[in-house]
Structures are given as C-alpha cells and as structure tokens.
Amino acid sequence: MKTKLVLFASMLSLTFGAAPNAFGQWVKTNGPIARAIVSVRCFAVSGTNLFAGTDSGVFLSTNNGTNWSNVSTGLPGNSVNAIAVSASNLFAGTIDSGVYLSTDNGTNWRPVNNGLGHVVVDALAVSGTNLFAGTSDISGGNVFHSTNNGTSWNNVSAGLPGMSVIAFAVSGTNLFAGTEGGGVLLSTDNGTNWTAASAGLTNPYVYSLAVSGTNLFAGTGDGVFFSTSSGRWSNVSTGLPGNSVNAIAVSASNLFAGISGRVYLSTDNGTSWANAGLTSTGVNALAVSGTNLFAGTSDSGIYLSNNNGTSWAAASAGLTNTLTNIDANALSVSGTNLFAGTYENPGGVFLSTNDGTSWTAASAGLTDPYVDALAVSGTNLFAGTGNAIFLSTNDGTSWTAVSAVTATANSFAVIGTNLFAGSEYSGVLLSTDNGTSWTPVNNGLGNVGVTALAVIGANLFAGIDSNNTFVGTNYGAVFRSTDNGTSWTAASDGLNINNFFALAVSGTNLFAGTDYGVFLSTNNGASWTAASNGLPAFTTILALAVSGTNLFAGAGDIYGNGGGGVFLSTDNGTNWTAVNSGLTDTIVTAFAVSSTYLFAGSFSVGDVWRRPLSDFGISDVSQITPIQNSIQSYPNPFSQSTTISFTPETSGYADVSIVNPLGVEVAHLFSGVVGAGNHSFTWTPTGVPDGMYECVVRMNGTVQTLPMVLQR
C-alpha cells in the first residue's frame with residue numbers, strides 16, 4: 001500500500017482568522033464503502049441446497065442461485081477452500097483454521113479439529129462414514145481421516161509425498177488424492193496405505209479430480225487427463241488451451257473443465273472439447289445440480305447455465321462481502337463533488353455530492369482500481385493509477401485511459417496549458433493536450449520515481465525518495481525545472497531525509513512532507529530548513545494543505561508512537577499543534593477542501609473524515625465575496641511575465657485564469673480558497689503568441705476581467 005498525497009496545481013489555499021475552535025472535532029463520513037463480489041473457491045450440493053465456499057465464508061442458495069445468503073456464523077473470518085456434505089452434516093475446510101462443522105445448513109458452525117490442528121485445508125471428501133481432509137501442512141501430514149464427523153482425526157499420510165493434497169475423488173472403495181507436484185495417489189483402505197497412480201500423467205500438478213462411473217478425470221497444469229480402472233493416464237486435451245485446469249465436473253455424458261476465464265465442454269470423455277461460452281476472470285469451481293451447471297469465478301461471482309454451457313446468466317445476487325470501508329488514498333473537490341481515490345478491493349474512484357453523507361462508485365472504464373492521485377482541471381478529472389493515467393469529462397461517470405506511457409501516476413501539477421504527472425517508474429511526464437499524449441521530460445532528472453510535484457510561478461519542483469535510484473545521492477531529494485521539465489537541477493541543500501510524500505506551496509514558500517517531518521525552502525529549493533517544532537518525533541508527513549503562512553499536515557504513525565493525525569501551523573512550520581479531536585485514525589494520507597469543510601482521507605481505518613472550516617476560524621467560503629479595487633497587473637503591456645493582483649474583502653473560493661481573444665483558456669493560475677487581503681499571481685506565458693489576453697477572476701458568483709497585452 002502506497003500512501004502518497006496528491007495536491008493539484010497551486011495546492012490547497014486556506015486563510016485563518018482565529019485560533020481553532022476548541023469545541024470542534026472531526027466526524028467520520030459514511031465511506032467510501034463497497035460491497036465486493038467475493039471469490040468463489042468451491043461448491044457443494046445437498047438436495048435443493050447449493051453451498052458456495054468463498055474468501056468471505058460460506059453462502060447458501062435454495063433457489064438455484066437466484067439469491068444467496070451468507071451462512072458463516074461461527075466461521076473464522078477467512079477463506080473456505082473446500083466444502084463437503086455427509087447426510088445432515090456440512091463441513092468447511094478453511095485457509096488456516098482447520099475444519100468446521102454445521103448441522104443446520106450453515107446457520108451455525110463450530111470447529112472440529114481434534115488431532116488435525118489449525119492447518120490449511122485444501123480438500124475434503126466423504127466416503128460412507130469416512131471424512132478425509134487434504135492439507136498443506138506437509139510437515140505434519142498431507143491427509144487426515146475422521147470416522148466420527150470430525151470429532152477426532154488421524155494422520156493417514158504414510159506413503160504420500162511431502163506435498164500438499166489439493167483434490168480428492170471417491171470411486172467405490174478407491175480414494176484418489178491429487179497433489180501439488182506429486183501426481184495422483186490411490187488408497188484402497190481409507191488412507192492406511194497409499195500407492196502412486198500417476199502412470200502416463202506427464203504433469204504432476206493435479207488441481208481437480210472427477211469420477212464418472214469407472215472413468216477418472218484429472219485437471220492438471222497441462223490440461224485434462226483420463227484414466228479407467230487400469231490406472232494408466234492419457235492426455236485428453238485436444239481443443240483445450242494449454243492452461244491449468246482448475247475445476248472439473250461431470251453431468252451424465254457431459255464433461256466440463258474450468259480453465260482460466262472459460263468453461264469447456266466434452267461429450268466424448270475428453271476426446272474433443274468445445275468452448276462453452278463463459279468469459280470471466282477465472283473459473284475456480286464447477287458444480288452440477290440436476291440440469292443446472294454452476295461456475296464460480298475469482299471476482300465476477302457465480303454463473304448459471306441450464307443448457308450445458310450454450311448460454312450463461314449471472315447468479316450472484318447477495319453474493320457479496322459485508323460493507324467495508326476502503327482506504328482513501330487521494331481526495332479532490334470539484335464544485336459540490338467530492339472524489340475519493342481508493343486502494344482496496346474493489347478500489348477505484350468514489351463520488352459524494354453531499355459532503356460524504358453518501359458515496360457511489362464512479363469507476364466505469366477505470367480498468368486499474370489502484371488510484372494514487374486525483375486532479376481537477378476545469379471540467380476534466382484525472383486519475384493516476386498503478387499502470388496508467390485516466391480521464392473523465394463527466395464527473396467520474398465514465399473513464400478512458402489517456403497515457404500511452406505505462407507508468408504509475410501519483411502526482412499532478414499544471415503550468416499554463418502544460419499538465420505534468422509524477423510517475424514512480426518514469427520520472428515526470430508532460431502533456432500539452434489534456435492527457436491525450438504524454439512525453440517523459442527527465443533530462444537531468446533521470447528515469448526515476450517521483451512522489452510529489454509543486455509549482456511556484458514558472459518553477460516546477462519534483463520530490464524523489466530514496467527507494468528510487470538516481471545519480472549523486474542515496475537520500476531523497478528535490479529537483480527544480482524552469483523550462484517545463486526540459487532540464488532539471490538538484491534543489492536539496494539541507495535535506496538529509498529518505499522519503500518524500502508531499503510538496504505544497506504558499507507564495508514563495510515551498511514545503512516538503514517527509515519521513516522526518518516538514519521542511520521549508522524560501523528560495524526555490526536553494527536551501528532547506530526543518531519546520532517541525534511541535535510535531536511528534538518519528539512521524540511521517542503524508543499530506544500537506546497550505547494557506548499563506550498556515551499549514552495543515554497529515555501525519556502517519558508508521559512507528560506506532562501515537563504521533564499521527566492532523567496538525568496545524570500558523571507560522572510557516574515554526575510551531576505545530578495537533579487538531580485531532582474526534583479523529584480516531586493515526587494515518588492521514590490526503591486532504592481536500594470544499595466551501596464549508598476540510599476533508600481528510602485515512603488509511604488504517606479506511607474512511608474520509610470531515611471538519612467544518614469554521615472550527616479553524618475560516619469563514620464559510622460559499623458566500624459571494626466582492627473583489628475590491630478591480631484587478632491589476634504590472635507590467636501591462638509586458639514581454640516576459642506580469643503579476644496579477646486582487647483584494648477580496650473576506651475569504652472565498654477563487655479561480656484565476658487567462659483566456660485568449662476567442663475565450664479559450666491558455667493558462668490556469670489558481671483555484672482554491674483565499675482570505676481577505678491582497679493576493680498576487682505571476683503569469684509567465686509559454687507557447688502562446690503575442691497579442692491581447694484577458695485575466696478572469698471568478699470568486700463565488702463575482703466575475704472580474706482585466707485586458708492584458710503580451711508584447712515581446
């Protein structure tokens with residue numbers, strides 16, 4: 001799990017008029033939360049009851065998969081790898097807690113592990129009154145036997161190779177065991193003795209077994225093998241892809257094989273195979289109940305076919321894990337929309353239109369669910385993920401990949417019409433066309449991992465941590481570019497730290513959030529000084545939000561010293577105070593500000609928290625705020641750069657942009673909350689011709705413009 005803050009363009013800007021409200025506190029929002037489709041590992045059929053073993057316990061359907069209910073009371077919170085039915089007894093083999101028994105169709109469970117222990121159970125089989133468990137505990141045995149419904153177990157592994165037993169098949173008095181690397185073993189005396197039964201089996205990894213009369217089928221790492229009572233195997237995989245066969249099922253004369261994301265059908269004992277039509281991520285289990293064939297998959301639930309695979313329908317209603325909070329790794333605000341980029345299954349982007357009261361998934365088309373960064377630029381929303389950059393132009397309703405370069409994007413920044421992305425593996429990437437195309441701009445920087453970006457005027461800063469190799473230092477560093485990334489120079493004097501997580505700007509002050517607290521540079525990175533007085537020792541700063549000389553720092557208590565949460569400084573980091581009332585999380589990874597709230601994304605609890613801006617002495621910025629003395633710029637006309645200033649009477653949300661005579665935006669200088677008093681921004685045009693331009697300042701309902709002349 002990476003915990004990297006993304007602050008877009010000029011970062012967050014807040015202005016404080018009073019000390020934090022001693023009576024205010026943080027409140028957890030209702031998310032983001034998700035119900036993930038579970039991974040189905042196995043099936044068992046008992047009359048009209050169909051049981052599914054999953055990574056979230058056992059589910060039951062009494063209507064052929066139309067609906068499912070979780071029946072896991074008493075089961076440990078881990079995966080169920082195997083299920084078996086014996087009369088009214090239902091057994092579940094778990095990933096590390098042995099075998100559990102239910103006598104009421106899964107309503108209640110209890111452990112039955114005497115003599116077995118808390119081992120990984122990969123397979124279960126019933127033969128009359130005998131119950132067998134195949135395990136991965138190769139040091140203590142591979143197969144265990146119980147004759148009293150699991151009340152006690154005996155180790156029956158004599159003659160077995162020291163390898164996991166992951167599949168069973170019963171044919172009369174014959175018990176077959178499929179192993180992970182040792183082929184097939186046969187016992188005719190309930191496991192007292194075992195003999196090899198792998199003649200002709202060219203692949204020793206046996207993942208599934210099935211019996212049809214006197215015919216025995218084995219799913220292996222090289223397809224399907226067939227054996228009769230003679231005990232010799234032959235490969236019957238014509239028409240099958242060369243993949244591992246995870247599941248086999250038999251229905252009358254039909255033989256089904258689950259391979260990767262598809263199901264295949266043979267009507268001639270494997271002599272020939274045809275694709276049975278299902279397309280999924282991965283088929284782990286197959287089961288037959290009457291004329292119904294069920295397929296359990298890795299992450300798309302259960303599918304049902306009642307015509308031997310000719311057609312399939314989803315059969316997963318209710319097959320979801322419990323509501324879980326997922327990590328908010330990145331936050332961004334666009335008007336009344338609050339977006340959270342998450343990092344846990346199912347991951348992706350979530351949207352709240354009511355300050356976190358409710359959340360909805362906003363990830364359609366977002367094929368990589370691990371979101372490290374979010375950024376808003378006009379009507380465009382960008383998401384940086386582990387493999388690509390994605391763009392949404394409709395508030396997350398749909399996404400398209402816009403990066404030809406496959407790389408992690410964990411930070412964004414803007415200079416004029418240039419959009420920059422910081423990549424963990426490819427340095428800095430530049431797009432001049434809203435992300436349609438990207439170019440690495442790493443001359444002097446190298447192909448290194450960038451963890452944070454920030455902009456001061458025409459200066460672009462990139463933070464790099466020590467986990468990424470570059471020439472000249474074994475420590476984290478900051479690099480500076482004054483030409484849109486065409487060239488870079490080191491700007492790290494005074495920084496002897498390992499990792500960077502955040503960069504933020506306030507006027508000419510540049511702040512760095514590191515694993516050694518906060519550092520400040522007042523000269524574009526030429527030198528740095530520690531700015532951490534009052535911050536707990538050994539606290540990593542994962543997020544920063546800035547307003548003039550006022551800073552919020554999101555801390556991560558990675559050393560367990562109780563030093564995480566949110567901290568506030570009103571004097572450029574000279575002193576810090578904790579503002580954690582109500583905040584129960586110790587790892588804060590992201591900030592965002594709306595018109596009335598400061599939001600904090602958390603990691604260990606996995607939620608978004610909010611606190612009214614008024615708690616910090618910030619006025620409600622949703623009010624219309626007039627701008628005094630109009631807008632001014634100097635010089636005007638200008639040849640290289642011009643400084644634009646305006647003076648609002650009270651705090652408010654401001655947006656400052658430059659447009660050409662056609663009204664097309666050519667530079668975006670600032671978006672964020674500003675306080676009462678004078679504010680200045682510098683425009684240094686690049687890539688635009690001489691001529692007339694207009695500065696547009698929007699501030700909560702008020703719009704002012706100023707003509708300017710560029711004359712080189």
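Values in this document were obtained by computation on a predicted structure and should not be read as measured data. (Residues numbered from 1 in each chain as written. Predicted model: local features only at pLDDT ≥ 70, side-chain atom pairs only at ≥ 80, totals over all residues. Heavy atoms only, no water.)

Caption draft 1: Region of the structure containing the overall build of the protein chain. Each helix and strand counted, the protein chain has zero helices and 65 strands in total. Taking all 712 residues of the protein chain together, 57% fall into the buried category. Considering only intrachain contacts with a sequence separation of at least 6, the fraction spanning at least 24 residues in the protein chain is 48%. When the accessible surface of the protein chain is summed, it comes to about 26500 Å², and 49% of that surface belongs to carbon and sulfur atoms. (Helix = DSSP H or I, 4+ residues; strand = E, 2+ residues; numbered from the N terminus. Buried < 20%, exposed > 50% of the residue type's maximum accessible area, 1.4 Å probe, protein only. Contact = heavy atoms within 4.5 Å. Areas by Shrake-Rupley, 256 points an atom, 1.4 Å probe, with all protein chains shown as cover.)

Caption draft 2: Structural detail: the environment of I631. Take I631: it is sitting in strand β59 (residues 627-634). I631 sits 65 residues away from V696 along the chain, and the two C-alpha atoms are 8.9 Å apart.

Caption draft 3: Expanded view of the side chain of T179. Along the chain, the position of T179 falls in strand β16 (residues 174-179). By relative accessible area, which is 0% here, T179 ends up buried. Among the polar contacts listed, one links the side chain of T179 to the backbone nitrogen of G182, at a separation of 2.8 Å. A distance of 2.9 Å separates the side chain of T179 from the backbone oxygen of G183, its partner in a polar contact. Residues in contact with T179, not counting those within four places in the same chain, are S164, V165, I166, L185, P204, Y205 and V206. (Polar contact = N/O pair within 3.5 Å; in protein donor to acceptor, adjacent residues only side chain to side chain.)

Caption draft 4: Looking closely at empty space enclosed by the protein. As enumerated under the stated definition, the model contains one cavity of 30 Å³ or more in all. Counted as a void, the largest cavity has a volume near 40 Å³. Of the residues belonging to the lining of the largest cavity, the class tally is three nonpolar, six polar and no charged. (1 Å grid on protein atoms, 1.4 Å probe; cavity = no way out; pocket = protein on both sides within 12 Å on 5 of 7 lines; lining within 4 Å. Points joined across faces, edges and corners; volume = space filled by probe spheres on them. Nonpolar A, V, L, I, M, F, W, Y, C, P; charged D, E, K, R; others polar.)

Caption draft 5: Main features of the sheet that holds strand β45 (residues 459-464). The strand order across the open sheet formed by four strands is β44-β45-β46-β47, and the pairing between neighbours is antiparallel. The sheet is open, and its two borders are formed by β44 (450-456) and β47 (489-490), each paired with just one other strand. Sheet topology places strand β46 (residues 477-481) next to β47; two bridges connect them, and they run antiparallel. By the bridge assignment for β47, R480 is matched with T489. (Pairing = 2+ DSSP bridges.)

Caption draft 6: Spotlight on the sheet that holds strand β14 (residues 154-155). Strands sit in the order β11-β12-β13-β14 across an open sheet of four strands; the sheet is antiparallel. Only two strands of the sheet have a single neighbouring strand rather than two, namely β11 (121-127) and β14. Looking at chain direction, β11 and strand β12 (residues 130-135) are connected through six bridges and run antiparallel. Residue V126 lies in a different strand from β12, and its bridge partner there is L131.

Caption draft 7: Geometry of the environment of N499. Mapped onto the secondary structure, N499 falls in the loop between β47 and β48 (500-506). Residue classification places N499 among the buried residues on the basis of a relative accessible area of 15%. Along the backbone, N499 and I541 are 42 residues apart, and their C-alpha atoms lie at a distance of 9.8 Å.

Caption draft 8: Quick look at the nonpolar core. Counting 22 residues, the largest nonpolar core has I644, V656, I658, L669, W683, C695 and M708 as the members making the most contacts within it. Every element with two or more residues in this core is listed here: β60 (642-648), β61 (652-659), β62 (665-674), β63 (679-683), β64 (691-699) and β65 (702-710). Take this core: its biggest share by element is five residues, from β62. Sequence-distant contacts of M708, that is, excluding residues within four places in its chain, are made with S633, N636, F638, T642, I644, I658, W683, G691, M692, Y693, E694 and C695. (Core = buried A, V, L, I, M, F, W, Y, C linked by side-chain atoms within 4.5 Å.)

Caption draft 9: Broad picture of the pairing of strand β37 (residues 380-385). Taking burial as the measure, the six residues of β37 include six buried ones, the bulk of the element. Along β37, one buried face is formed by N380, F382 and G384 and the opposite face, lined by L381, A383 and T385, is buried too. Examined bridge by bridge, strand β36 (residues 371-377) and β37 share six bridges and lie antiparallel to one another. Within β37, the residue paired with S377 across the bridge is N380. The pairing of β37 with strand β38 (residues 389-392) spans four bridges and is classified as antiparallel.

Caption draft 10: Region of the structure containing the confidence of the model for the protein chain. Residues at a pLDDT of 70 or more form 85% of the protein chain, whose mean pLDDT is 82. Across the protein chain, element-level confidence peaks in strand β9 (residues 99-102) with a mean pLDDT of 95 and bottoms out in strand β31 (residues 324-325) with 60. Here residues 1-19 scores under 50 on pLDDT; set against residues more than four positions off or in separate chains, the count is 100 contacts. In the predicted structure, residues 468-474 sits below a pLDDT of 50 and forms eleven contacts with residues beyond four places in sequence or in another chain. (pLDDT = per-residue confidence, 0-100.)

Caption draft 11: Representation of unusual backbone geometry. Here the bond from Y634 into P635 is cis, since omega is -10°, no more than 30 degrees from zero. Inspection of the secondary structure assignment puts P635 in the loop between β59 and β60. At the junction of N636 and P637, the peptide bond is cis and its omega measures out at 5° in the coordinates. Relative to the elements of secondary structure, P637 occurs in the loop between β59 and β60. Of note in the backbone geometry, D355 takes a positive phi value of approximately 60° without being a glycine. Within the secondary structure, D355 sits in the loop between β34 (348-352) and β35 (360-361). Of the residues examined, D355 reaches a relative accessible area of 25% and is grouped as partly exposed.

Caption draft 12: Region of the structure containing the packing of aromatic side chains. Applying the stated rule across the entire model yields ten aromatic pairs. Seen in terms of ring centroids, F552 and F591 are 6.1 Å apart; in terms of plane orientation they differ by 45°. Their pairing is tilted. Separated by 39 residues along the polypeptide, F552 in strand β53 (residues 550-556) and F591 in strand β56 (residues 588-593) bring together distant segments of the chain. Each member of the pair, F552 together with F591, is buried. With a centroid separation of 6.1 Å and an interplanar angle of 20°, the aromatic rings of F646 and F681 are classed as stacked. Highlighted residues: F646 in strand β60 and F681 in strand β63, separated in sequence by 35 residues. Residues F646 and F681 agree in their burial class; the two are buried. Cluster of aromatic residues (ring-pair linked, three or more members): F638, W683 and Y693. Taking the ring centre of Y597 as reference, the NZ or CZ of R610 above it sits at 4.8 Å. (Phe/Tyr/Trp six-rings, centres within 6.5 Å; stacked < 30°, edge-to-face > 60°. Lys NZ or Arg CZ within 6 Å of the ring centre and 35° of its normal.)

Caption draft 13: Focus on the side chain of N418. Secondary-structure assignment places N418 in strand β41 (residues 418-423). Residue class for N418 comes out buried when judged on its relative accessible area of 8%. Contacts of N418, omitting those with residues within four sequence positions, involve A413, L430, S431, T432, N484 and T686.

Caption draft 14: Spatial organisation of the pattern of salt bridges. Taken as a whole and assessed by the stated rule, the structure comprises two salt bridges. Put simply, D615 and R611 hold a salt bridge, and the shortest N to O gap is 3.0 Å. The salt bridge partner of R712 is D690, with a shortest N-O separation of 2.7 Å. Taken together, the positions of R712 in the segment after β65 and D690 in the loop between β63 and β64 put the pair 22 residues apart, joining distant regions of the chain. A residue is classified by how much of its surface remains accessible, and D690, at 40% relative accessible area, is partly exposed. (Salt bridge = Lys/Arg side-chain N within 4 Å of Asp/Glu carboxyl O.)

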